[in-house]
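A closer look at the structure
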Amino acid sequence: MNVKPSEKKILLIGNPNVGKSAIFSRLTGAKVTISNYPGTTVGFTQGFMKLRKKDPAVVMDVPGVYNLTVASKADEVAVEMVSKGDLIVNVLDSTNLERNLFLTLELREKNIPMVVVLNMWDETRHKGVEIDVEKLEKELGLPVVPTCGLTGVGIKDLVESLGDVKEGKFDVLDRDRKWEEVGRIVESTQKLHHHHHTLLERFEDLSIRPKTGLFIAALVLYLSFSVVRFVGENLIRYIFEPLFQDFWYPIMMKLSALMGSGGILHDILVGRLINGDIDFVQSFGLLTTGLFVPVAAVLPYIFSFYLVLGILEDLGYLPRLATQVDNLMHRLGLHGYAIVPMILGLGCTVPGAMALRLLENRREKFIAATLMAITVPCMAQTAMIVGLVGERGGGYVAIIFGTLFILMIVKGLILNRTMKGNSPEILWEIPPYRMPQIIAVFKKLWMRVAEFTKEAIPYVLLGVFLVNILYMFKFFDLLARVFAPVLSGLWGLPKDTISALLVGFLRKDVAIGMLGPMNLATKQLVIASTVLAIYFPCMATFVVLVRELGGKDTMKIVGIMLMTALIVGTIMNIVL
Amino acid sequence: MSGKCLTDMKKGETAVVKGVAGEVGTARRLESMGIRPGKKITKLGAHLWRGPITVSVDKTKLAIGYAMAKKVIIEE
């Protein structure tokens, strides 16, 4: 996105998890991910808005920072951006005035025109916080606007005040003086009242206690997976499969007959007929398997996964889960917060890999990226494995995921021992539980599903197309001969499976789909699915990893993945 | 600085922060999240095997690693 020099640059800056993205989305109408945990926004996002006199302005949603002086690496982006803004919107959590104001005083010294936003204003009342806005304006010497980003209350006033905000002239105070000043301002503008604990607040305390918290974590994870499965399975059974079988199938059969039931174009579009019939999994035509895999097999699970994840995110559960698993994660060379990218990776590895920025140092990022790339299957892969291997028995699906889980522990233990350095100490904020708002949850779900559809379907179609072309030119036969020693010798797989491994670079769901028509024995299917999960990141993930970790570390990870696939595939071939 | 620290506190106990021992960087990080001398801090719980300590300061709840919690000194 290009910024014209005439456009004003507005920066949204504030502590983590104060609702900057909600304000951003209100100001610009842009669709961004909003959740209830610190670190939702990792890169910076920009969007456009019109100021009062219809002047266009570009708004930047900056990742949250606590202050400008002791920036960790992750904060550097934010700190660097501050000086480049023409206008600062400093977003505060109204229920946490004291801690938020320190950053306000730091920003004020930059003498850039600035508006202070008291966000989450709706929460102040039930929390027993009363703030005198006019007095706060006077004390700070800056315009102050109370808002509620989620409902949009106060946004108009904010836009209004952005129109006529002027540059300030504030002296630089040292740290201690700043804290004194914060104390003085809070003292004179805020009153705290006693308030009764709400039901959510009671539950809040339970879920961060060690014993009840562990029980709750187990329950939450179990329930989450059950709901994901239930919703996904039923969407497929009652909506998507009937849609393809009853509606699309007759159309495709007619098309097939029209095209003479064979020939190059027929095979590319409709696919090969199996006993004179179209099989949506096995035919492998663009209009049959190419649509069935992303739409009927994967999309329902993408939908159900992001529905559940969205609720957990907005509730504020993720930082609590991070606290629970911190101990275990330390043994794997990570800390608890690394669970956040991992969980995002269960949906799609691409956002998972981007969330690696939450982690502090290179060692931790490397370990987390390696573990994620090898052992966290994305939902597209999971859905295909559940669909294809599940037909042979649930136990076989369990073998695949069990193997991946054991691999995660073993890899983590090894990397933690062999890599220099320690996993850093944790320190993070546990946000209050907030009731997920149905509209907000579905907005985010819609965004993620649309993103999947936009990103995945073209690649799936490309994958299916390539498979057909490569078959036609007998390219796979050539490759099969070259890789036969590894495939047959070590993994006990027929040499055609090389075609699936090749397509796996592009899309792993298509690759697993390709195993369907190969008539593999159950053992071979299990080994091939596991190897496909492990051996290489998909193209999209690879690109993100290079961007996040650099080429050298990414190549190291790929090396580890290939080695692991060789070893694990061989072991499974011997043991199973 | 020495004395009673966050890990010595009982669950549910409230105390006043005296200071943070060790590196300045750690103190600054804690400070920016609300833990600084003079602040009232309540311990919510501790996780098994030297896991993180959870505390509340003002209206904020925080999770602090065990080693870092050891450095937070409280008034007795």
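Described below are features of the structure shown in this document. (Residues numbered from 1 in each chain as written. Chains lettered and ligands numbered in written order. Predicted model: local features only at pLDDT ≥ 70, side-chain atom pairs only at ≥ 80, totals over all residues.)

1. Notes on the overall build of chain B
The helix and strand tally for chain B stands at two helices and five strands. Traced from its N-terminal end to its C-terminal end, chain B shows the element sequence β-α-β-β-β-α-β. Compactness check: chain B gives a C-alpha radius of gyration of 11 Å against a globular reference of 11 Å for 76 residues, within 12% of the reference. Dimensions along the principal axes, computed over C-alpha positions, put chain B at roughly 30 × 25 × 20 Å. Buried residues in chain B amount to 47% of all 76 residues. Considering only contacts within chain B whose residues lie at least 6 apart along the sequence, 57% involve residues at least 24 apart. (Helix = DSSP H or I, 4+ residues; strand = E, 2+ residues; numbered from the N terminus. Rg over C-alpha atoms; globule rule 2.2 N^0.38 Å. Buried ≥ 20, exposed ≤ 12 C-beta atoms within 10 Å, placed from the backbone. Contact = placed C-beta atoms within 7 Å.)

2. Section: the interface of chain B and chain A
Interfaces are often described in size by the accessible area the parts lose on coming together. Counting from both sides, the interface comprises 27 residues of chain B and, opposite them, 23 residues of chain A. Bridge count for strand S9 (residues 427-430) of chain A against strand S4 (residues 60-64) of chain B is four bridges, and the pairing is antiparallel. Considered in S4 of chain B, the bridge of Glu429 of chain A is made with Leu62 of chain B. (Pairing = 2+ DSSP bridges.)

3. Topic: the sheet that holds strand S5 (residues 114-119) of chain A
All names here are of chain A. Read from one edge of the open sheet, six strands run S2-S3-S1-S4-S5-S7, paired in mixed fashion. Every other strand in the sheet has two partners, leaving strand S2 (45-50) and strand S7 (144-146) as the edge strands with one partner each. Along the sheet, successive strands turn relative to each other by an average axial angle of 25°, direction set aside. Lying over the sheet, helix H3 (residues 97-108) contacts strand S1 (8-14), strand S4 (87-93) and S5, oriented at roughly 170° with respect to S4. (Axes fitted to C-alpha atoms, helices over the stretch in contact; angles between N-to-C directions.)

4. Some remarks on the environment of Pro377 of chain A
Residues and elements named next belong to chain A. Looking at the element boundaries, Pro377 is found in the loop between helix H15 (362-375) and helix H16 (379-388). Judged by C-beta crowding, with 24 C-beta atoms within 10 Å, Pro377 ranks as buried. In the structure, Pro377 is positioned 29 residues away from Cys348 in sequence and 8.2 Å away in space, judged by C-alpha atoms. Not counting residues up to four positions away in its chain, the partners in contact with Pro377 are Thr382, Leu404 and Ala533.

5. Topic: the sheet that holds S9 of chain A
Taken in spatial order, the six strands make up an open sheet running S9(A)-S4(B)-S3(B)-S2(B)-S1(B)-S5(B), and their pairing is antiparallel. Of all strands in the sheet, those with a lone pairing partner are S9 of chain A together with strand S5 (72-74) of chain B, marking the two edges. Pairwise comparison of adjacent strand axes, ignoring direction, gives a mean angle of 45° for this sheet. Taken strand by strand, helix H1 (residues 24-32) of chain B contacts S9 of chain A together with strand S1 (14-20) and S5 of chain B, and its axis lies near 140° from that of S1 of chain B.

6. Comments concerning the nonpolar core
All names here are of chain A. Membership of the largest hydrophobic core comes to 176 residues, with the highest contact counts inside it found for Leu12, Ile339 and Ala369. Ranked by residues supplied to this core, first place goes to helix H11 (residues 289-315) with 16 residues. Shared between two domains, this core holds at least three residues of each, these being domain 1 (8-192) and domain 2 (210-425 + 439-575). Setting aside residues up to four positions removed in sequence, Ala369 forms contacts with Ala353, Leu356, Leu545, Leu549 and Ile557. (Core = buried A, V, L, I, M, F, W, Y, C linked by C-beta atoms within 7 Å. Domains from an automatic or database assignment.)

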